[in-house]
Amino acid sequence: EAGVTQFPSHSVIEKGQTVTLRCDPISGHDNLYWYRRVMGKEIKFLLHFVKESKQDESGMPNNRFLAERTGGTYSTLKVQPAELEDSGVYFCASSQGNGNSPLHFGNGTRLTVT
Amino acid sequence: AQSVSQHNHHVILSEAASLELGCNYSYGGTVNLFWYVQYPGQHLQLLLKYFSGDPLVKGIKGFEAEFIKSKFSFNLRKPSVQWSDTAEYFCAVEGAQKLVFGQGTRLTINP
């Protein structure tokens, strides 16, 4: 089966610009998660979708971040306007709807804000 | 709040050496515990997990971890490392349907 796909793999933007990251989960996976790792620090939870609904968005840093999952398939994470501290690696992960099913991670998008 | 602490930031070993990476967590309820690995240029992969039962769990590639409830620990071990084990290792605890990760330990194996 195809894994979790993230696009782009790298993005370099200037402060104040907008960037949209995309995640395609494994087909049939209801759960979709976004995580972020700022350089040298731990991987932190951002939010969790169950199908198209936001189950938990307690990790979203502020209102410059907007995540969507239209139709319960792929998801986008938009940062507008980007700030320097938004630089990091953004990971997407998906899992099936049943309990204790393992998380499958994408390769991540490395975002650099200059 | 949940937290996970990995004791070592960077570990350097020679091939065939034994490995133990420390992980301590802080969480009030029943925990599910994980070790993930990220090889250079690859995605995070699950090494092993503990949900319940035998506190000594075995994972892929000869790794194992022991859950010690009294110490809030879940240390990762491998008796003899290989050059291909060079990677970054993350301990994580699951609570409220999300993972809380440690800071990661970079492991370098010298041939």
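Residues numbered from 1 in each chain as written. Chains lettered and ligands numbered in written order. Predicted model: local features only at pLDDT ≥ 70, side-chain atom pairs only at ≥ 80, totals over all residues. Heavy atoms only, no water.

> Teacher, can you tell me more about the interface of chain B and chain A here?
Many authors give the size of an interface as the accessible area that is lost as the parts come together. Chain B puts 19 residues into the contact, and the matching count from chain A is 18 residues. Note on chain B versus chain A: buried area summed over both sides is about 1,500 Å², and carbon and sulfur give 53% of it. Sorting the residues of chain B by area buried against chain A places B:Q97, B:K98 and B:F101 first, and these three jointly supply 32% of that buried surface. Linking chain B to chain A there are two salt bridges. In this assembly, chain B and chain A are joined by seven residue pairs in polar contact (both at pLDDT 80 or more). Counting residues per element, the ones that place at least two in the side of chain B that touches chain A are β5 (32-38), β6 (45-50), β10 (87-95) and β11 (98-101) of chain B. By residue class, the composition of the side of chain B that touches chain A is eight nonpolar, eight polar and three charged. (Contact = heavy atoms within 4.5 Å. Buried area = accessible area lost by both parts, 1.4 Å probe. Salt bridge = Lys/Arg side-chain N within 4 Å of Asp/Glu carboxyl O. Polar contact = N/O pair within 3.5 Å; in protein donor to acceptor, adjacent residues only side chain to side chain. Helix = DSSP H or I, 4+ residues; strand = E, 2+ residues; numbered from the N terminus. Nonpolar A, V, L, I, M, F, W, Y, C, P; charged D, E, K, R; others polar.)

> Even after reading the chapter, I still don't get the sheet that holds strand β1 (residues 5-7) of chain A, so can you show me in this structure?
Pairing between the strands of a sheet comes from backbone hydrogen bonds, and it takes one of two forms, parallel or antiparallel. Residues and elements named next belong to chain A. On the basis of which strands lie adjacent, the open sheet formed by four strands has the order β1-β3-β8-β7 and antiparallel pairing. Strand pairing shows two members of the sheet lacking a second neighbour, β1 and β7 (65-68), which therefore form its edges. Averaged over all adjacent pairs, the angle separating strand axes in this sheet is 15°, with direction ignored. Relative to strand β8 (residues 75-79), β7 is paired through four bridges, and the arrangement is antiparallel. What sits directly across from E68, in β8, is T76. (Pairing = 2+ DSSP bridges. Axes fitted to C-alpha atoms, helices over the stretch in contact; angles between N-to-C directions.)

> Explain the nonpolar core here, please?
The nonpolar side chains of a soluble globular protein tend to be buried, and buried together. If you look at the biggest cluster of nonpolar residues, it comprises 28 residues, and the most contacted ones within it are B:L33, B:W35, B:L47, B:L48, B:F74, B:L76 and B:Y89. The element best represented in this core is β10(B), accounting for four residues. What B:L76 contacts, discounting residues up to four positions off in sequence, is B:L19, B:E20, B:L21, B:W35, B:L47, B:L48, B:F63, B:E64, B:A65 and B:Y89. By size, the runner-up hydrophobic cluster in this structure holds 21 residues, among which are A:V4, A:I26, A:L46 and A:C92. (Core = buried A, V, L, I, M, F, W, Y, C linked by side-chain atoms within 4.5 Å. Buried < 20%, exposed > 50% of the residue type's maximum accessible area, 1.4 Å probe, protein only.)

> Would you mind going over the pairing of β11(B) with me for this structure?
Every other side chain in a regular strand lies on the same face of the sheet, so the side chains alternate between the two faces. Across four bridges, the pairing between β10(B) and β11(B) is antiparallel. Residue pairing in the sheet places B:G95 in a bridge with B:K98 of β11(B).

> Would you mind showing me how to read the state of the cysteines here?
In protein chemistry, a disulfide is the covalent bond that joins the sulfur atoms of two cysteines. Residues and elements named next belong to chain A. As enumerated under the stated definition, the model contains two disulfides over all chains in all. Here C23 connects covalently by a disulfide to C92, the sulfurs 1.8 Å from one another. Measuring handedness by torsion sign, the sulfur bridge of C23 and C92 sits at about -65° and is left-handed. Separated by 69 residues along the polypeptide, C23 in strand β3 (residues 19-24) and C92 in strand β9 (residues 88-95) bring together distant segments of the chain. As far as the burial class goes, C23 and C92 line up, both buried. (Disulfide = S-S within 2.5 Å.)

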